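Report on the structure
In case you want the letters, here they are:
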Amino acid sequence: MTPSAVLFDCDGVVVDSEGQTFALLGTELAGYGLHLTRAQMEQLFLGGTIHGVYLAARALGADLPAGWVADFYEKIYADLALGTNLIDGIEAVLDALDASGVPYAIGSNGSEAKMAVTLGQHPQLLARFGGHVYSGQSLGKPKPAPDLYLYAAAQLGADPARAVVIEDSPNGAMAARAAGMRCLGYAPHGNAALAAVGAELFSNMKDLAALLRL
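Quick notes on the rules
- Residues numbered from 1 in each chain as written.
- Predicted model: local features only at pLDDT ≥ 70, side-chain atom pairs only at ≥ 80, totals over all residues.
- Heavy atoms only, no water.
- Disulfide = S-S within 2.5 Å.
- Buried < 20%, exposed > 50% of the residue type's maximum accessible area, 1.4 Å probe, protein only.
- Phe/Tyr/Trp six-rings, centres within 6.5 Å; stacked < 30°, edge-to-face > 60°.
- Helix = DSSP H or I, 4+ residues; strand = E, 2+ residues; numbered from the N terminus.

So, on to the state of the cysteines. Considering all chains together, one arrives at zero disulfides under this definition. Free cysteine: Cys10, not disulfide-bonded; nearest cysteine sulfur from Cys183 at 16 Å. When its relative accessible area of 4% is taken as the criterion, Cys183 is described as buried.

Let us look at the packing of aromatic side chains. Counting across every chain of the model gives seven aromatic pairs. When the centroid spacing of 6.4 Å and the interplanar angle of 20° are considered together, the rings of Tyr54 and Trp68 count as stacked. Remark: Trp68 occurs in helix H4 (residues 68-81) and Tyr54 occurs in helix H3 (residues 50-59); sequence separation between them is 14 residues. The pair formed by Tyr54 and Trp68 is uniform in burial state, with each residue classed as buried. Ring centres of Trp68 and Phe72 lie 5.0 Å apart, and the angle between their planes is 15°; on these two criteria the pair is classed as stacked. Of the two residues, Trp68 and Phe72 are both situated in helix H4; the distance of four residues between them amounts to about one turn of the helix. We note that Trp68, like Phe72, is buried. Through a chain of ring-to-ring contacts, the aromatic side chains of Phe8, Tyr104 and Phe129 assemble into a single cluster.

Just geometry here; none of it tells us what the structure is for.
Below you can see the structure in the form of structure tokens.
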């Protein structure tokens, strides 16, 4: 069945920003005495918010100052502004959605300012979303709450029961499940935690159009 809408996470699904973010985060946390591997950071923080990182890192012993969240945002925005690539194959997916008349949106736990930095580097792609780019932080209900994806579906006039979410994090997959939506989990290197919360894994964005039966 053709979906009523397709709702994309942003980081790691539309823009290839996760590597840059985790590299900077690892260096930052190490400066406050918390040394984590990339795999550990993904397990702890993937799909969350920077405020959530702050709380979790402090609980793990990092002596982060009160203004760390705002300071880190400035650092990551500056780093991402130097160049953030699109996920290979995402434009072809949008081509297939357009050809099938299926509407689509972005629903991210990232801030609107962050998406302006990353997606703003690709204005032609950003324009294709027609303003349907939503932040769970702005909504006040970040994932794993279902509100963001339910809101995005409503803005598209789509039946949420037939909408499909494209995610790369357990938090996002849990949000999709709570919203009653099918979730396809983009996992180029596998992701057992993503599968464990109900996402149907796929490893190549070029395969997504077929999975959506477009």
